[in-house]
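Structure assessment
Spelled out, the chains give:
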Amino acid sequence: MPPGIAARAGTVDTCPVKDSLTLLITTVLATAVCGAGRPANAAVATIDGEPGPAPQAFLQEIAERVPTPDGVASSGFTVLDLAPDGTLRALAGKTLYAFTDGRPMPGRTQVQPDDSGGSGQVQQVFRSGDTLWLATEDGLVRLAGNESGQPELVGRSVRQVAVAADDLMLAATDRGLWVRPSGGEWQQAPVIDETGRDWAAGEVAGVAVTPAGDWWLAFPAGAARRSESGWTFFTGREGLPVADFTCVAAGPGGEVWFGSQRGAVRFEHGKWAYREGPRWLPGNAVRSIVVDGAGTAWLATDGGLGCIRRRPMTFAAKAEYYEDQVERYIKRTPYGYTSEVRLEEAGDRPGIIYSDSDNDGLWTAMYGAGECFAYAATGQPEFKARARQAFEALRFLQKVTQGGPHSPPKGFVARTIRPVSWPDPNEGRLAHDRESQQGDSLWKVYEPRWPLSADGKWYWKSDTSSDELDGHYFFYAAYYDHVAETEAERDRVREVVRDLTDHLVDHGFCLVDHDGTPTRWARFGPEFVNQDPLWWVERGLNSLSILSYLAVAEHVTGDARYGRAADELVRQHGYGANVMNPKVQMGIGSGNQSDDEMAFMCFYNLIRYTSNEPWRDKWQFAFHAYWALVQPEMNPFFNYAFAGTAGDATYTNAYGTIPLAPWPGWREDSLATLRGFPLDRVNWPLHNSHRLDLDRLPPQQSRDLADLDRSRRGHRVDGRVLPVEERHFNHWNTDPFQLDYGGDGRTLASGTVFLLPYYMGLYHGYIAKP
């Protein structure tokens, strides 16, 4: 089916929210039945003082939209309230509407007669004992039935009121913080920090009291907490993301939510979280928040009502959800190529628009490798079936190139395929290539870029790149070791690995296309890597790639020819030393970020399979140095790939012995990312560059010193990149230091970014088996 033409992906529910909730109900039941451990986002367990496998159970965050009652504009709700029985009530104008389980209930309540006192806009509805109060722009109004009492705090815009111990009332107003003891008078209360500054001298945007009795206040300058030990103040330097607050709400577990003009903020267990954009909220201007007894945050925004729930889940159930999404929506052609798809409408999963991707081979290989690790860890037959499908898909990319009118040398692999029923991709391609060559002098201009297969059924894309080969070899090694159980299965792996590797060795360590010349990026020979000044940036990475390919080939085929070829590159051409500097970089966040996943796949295979023992520990140190560079990225794939080869390895140089184990905190970082991945893999836009808790990367740490960053890049003040909940990316090749993501809600990415590291963590014993 051509790009731009929608295909209905089966008879499935058309509501993504309902689809997610159906799975979650199953998940909760499974968690209860299986007893997978307490559902808490806690630290890694320890066994005899050593870290043990992380528990499966955690709390998954899920955002939902709340339907609007008939006759009410979605943007009309300004204030939320929880009735004594837990019913959610939302104020639109002067009328309260009731909701149960996120659905409108019949009836409505008039809360502010036109002739009542304090007729300014209502900013909060709250209860103190049996009394209902309204916080308004003109003061505080007590309601009894449908009658209003004498306004209090007249002349002050009361933003929010909370009740502390001993019925002490706290009022956040445009003129400071006011307190009133039970039966007493209102008095202004200062909030003094250690420098003598009164944070409550002017506007106080909100106030809440936690079940433990802590006061929380929101100010234009930040947030403050009053506990038994005194006041603590929070600004961007303490991790506070934004400060243009509108309200505060305390939850039953001590968590505190803040509404702002640009999203919602949560403080829990000493950490701040930011929820912004349509992934999380109906609108970014948050007017009111209440938190119910289950910990669900209900939010009134300028785009309607929504909620953010946290449900018990397990990693295994989350993986099952992503696997289901891949099978139902993502896989393309009978071979099951796995990348991403476009959607007819934002968030509309059943309206799928299929198209090819330049890197279908790479993404399918990474998905398939995850299935290999899953089968190795669990022995479940469904993982073997998926891995076998991925193998056949990658094998076909090699076979489809042979025998046609434009056939490259044996072993060449295509980037991807597309059916001939789609439009001819060669039309207009030559002009496009000439244009590309204006910006890249090494770009190839030739025809056809999309040759026909011998059977006339497929176009296959040529000019295959090194990242495709990185993926193929990463997958083939995992498939051979963990899935190919019979000699016949192993022979099929040996065949494709031998043909591809022979092609490279016989053509000067290059991938040669049907035009008789190397492809743009798959050039690994010494004449390019060591002698061509245009290839100096790729010297380390391409040396790493070819040595890892040869190591895999020797391991899979048992042919020492490949080991000898690797030794030649190391001894005669310095490739061993080249690998010691695999990336051109000027510090954390610098250099080509998409190269990182390539390097980690290749390092993982090189360390495991090389027969060059004198260089193994040196390359392990190079892997360690690379991992240290990306450690702030909280990437579970990088962490598990490195830890899975490091173990208790050491490296000895002239100055002593260096331990190569990953630094403390890598397990917690990995788990935080795996837990944090939203179930919704749609590319909703997310914006973070306005945040207060960021440090910008300097020009010296640009992605390319020859082309300094134009967009703002950075990380949190603790040095780590933004949490995965606050970013979006389709694959692990995305720059994690990017701050803003301009999605349109019409691309659905696969769950491979979760599945591969989760299954690797399961296989290597870092996560408990379900």
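From a predicted model like this one, the values you see are computed outputs, not experimental measurements.

Criteria and thresholds
Residues numbered from 1 in each chain as written. Predicted model: local features only at pLDDT ≥ 70, side-chain atom pairs only at ≥ 80, totals over all residues. Heavy atoms only, no water. Helix = DSSP H or I, 4+ residues; strand = E, 2+ residues; numbered from the N terminus. Rg over C-alpha atoms; globule rule 2.2 N^0.38 Å. Buried < 20%, exposed > 50% of the residue type's maximum accessible area, 1.4 Å probe, protein only. Contact = heavy atoms within 4.5 Å. Areas by Shrake-Rupley, 256 points an atom, 1.4 Å probe, with all protein chains shown as cover. Lys, Arg positive; Asp, Glu negative; His and termini not counted. Charge placed at Lys NZ, Arg CZ, Asp CG, Glu CD. Polar contact = N/O pair within 3.5 Å; in protein donor to acceptor, adjacent residues only side chain to side chain. Salt bridge = Lys/Arg side-chain N within 4 Å of Asp/Glu carboxyl O. Core = buried A, V, L, I, M, F, W, Y, C linked by side-chain atoms within 4.5 Å. Pairing = 2+ DSSP bridges. pLDDT = per-residue confidence, 0-100. Patch = residues over 30% accessible without salt bridge, like charges linked within 9 Å, V, L, I, M, F, W, Y side chains within 5 Å.

1. Comments concerning the overall build of the protein chain
- In terms of regular secondary structure, the protein chain is built from 16 helices and 38 strands.
- Against the globule reference of 27 Å for 770 residues, the protein chain gives a C-alpha radius of gyration of 30 Å, in line with a compact fold.
- The principal-axis extent of the C-alpha atoms belonging to the protein chain is close to 95 × 65 × 55 Å.
- Within the protein chain, buried positions represent 59% of all 770 residues.
- Sequence separation of 24 or more characterises 62% of the internal contacts of the protein chain that already satisfy a separation of 6 or more.
- Carbon and sulfur atoms form 49% of the exposed surface of the protein chain, whose accessible area is close to 29,900 Å².
- Between the averaged position of the 75 positive side-chain charges in the protein chain and that of its 98 negative side-chain charges there is a distance of 1 Å.

2. Notes on the side chain of Arg 691
- Its location among the elements puts Arg 691 in the loop between α15 (666-676) and β36 (694-696).
- Within the structure, the side chain of Arg 691 is placed 2.9 Å from the side chain of Asn 688, a separation counted as a polar contact.
- At 2.8 Å, the side chain of Arg 691 forms a polar contact with the side chain of Asp 693.
- Those residues within four positions of Arg 691 in sequence are excluded, and the remaining contacts are Pro 241, Tyr 274, Arg 696, Leu 722 and Glu 726.

3. As for the pattern of salt bridges
- On inspection of all chains with the given rule, the structure shows 54 salt bridges.
- Notably, a salt bridge pairs Glu 725 with Arg 275, separated by 3.8 Å at the nearest N-O pair. In this pair, Glu 725 is assigned in the loop between β37 (714-716) and β38 (747-749) and Arg 275 in strand β24 (residues 271-275), connecting sequence segments 450 residues apart. Comparing Glu 725 with Arg 275, the two get one shared label, buried.

4. Some words on the nonpolar core
- Counting 128 residues, the largest nonpolar core has Ile 546, Leu 547 and Phe 637 as its most contacted members.
- With 11 residues, the top contributor of residues to this core is helix α3 (residues 360-378).
- In this structure Phe 637 touches Met 366, Phe 474, Glu 597, Met 601, Trp 732, Leu 756, Pro 757 and Met 760, once residues within four positions along its chain are discounted.
- The next biggest cluster of nonpolar side chains, apart from the first, holds 18 residues, and it includes Ala 162, Leu 177, Ala 189 and Val 191.

5. As for the pairing of strand β15 (residues 176-180)
- With 5 of its 5 residues buried, β15 lies for the most part within the structure.
- Taking the residues between adjacent antiparallel strands as the criterion, strand β14 (residues 169-173) and β15 are bridged by 2 residues.
- Relative to strand β16 (residues 187-189), β15 runs antiparallel, the two being bridged by 3 bridges. Following the sheet pairing, Trp 178 is matched in β16 by Gln 188.
- Here β15 hands over to β16 after 6 residues, with Gly 183 in that stretch at a positive phi of 80°.

6. Thoughts on the confidence of the model for the protein chain
- Mean pLDDT over the protein chain works out to 91, with 91% of the residues at or above the 70 mark.
- Contacts from residues 1-49, a stretch scored under 50 in pLDDT, to residues over four places away or in other chains number 98 contacts.
- Low pLDDT (under 50) marks residues 113-118, which in the prediction has 11 contacts with non-local residues, meaning those over four places away or in another chain.

7. Let's talk about a nonpolar patch on the surface
- Where nonpolar side chains cluster on the molecular surface, the patch consists of Trp 536, Val 537 and Val 584 and spans about 270 Å² of accessible area.
- Here Val 584 falls in the partly exposed class, since its relative accessible area comes to 36%.

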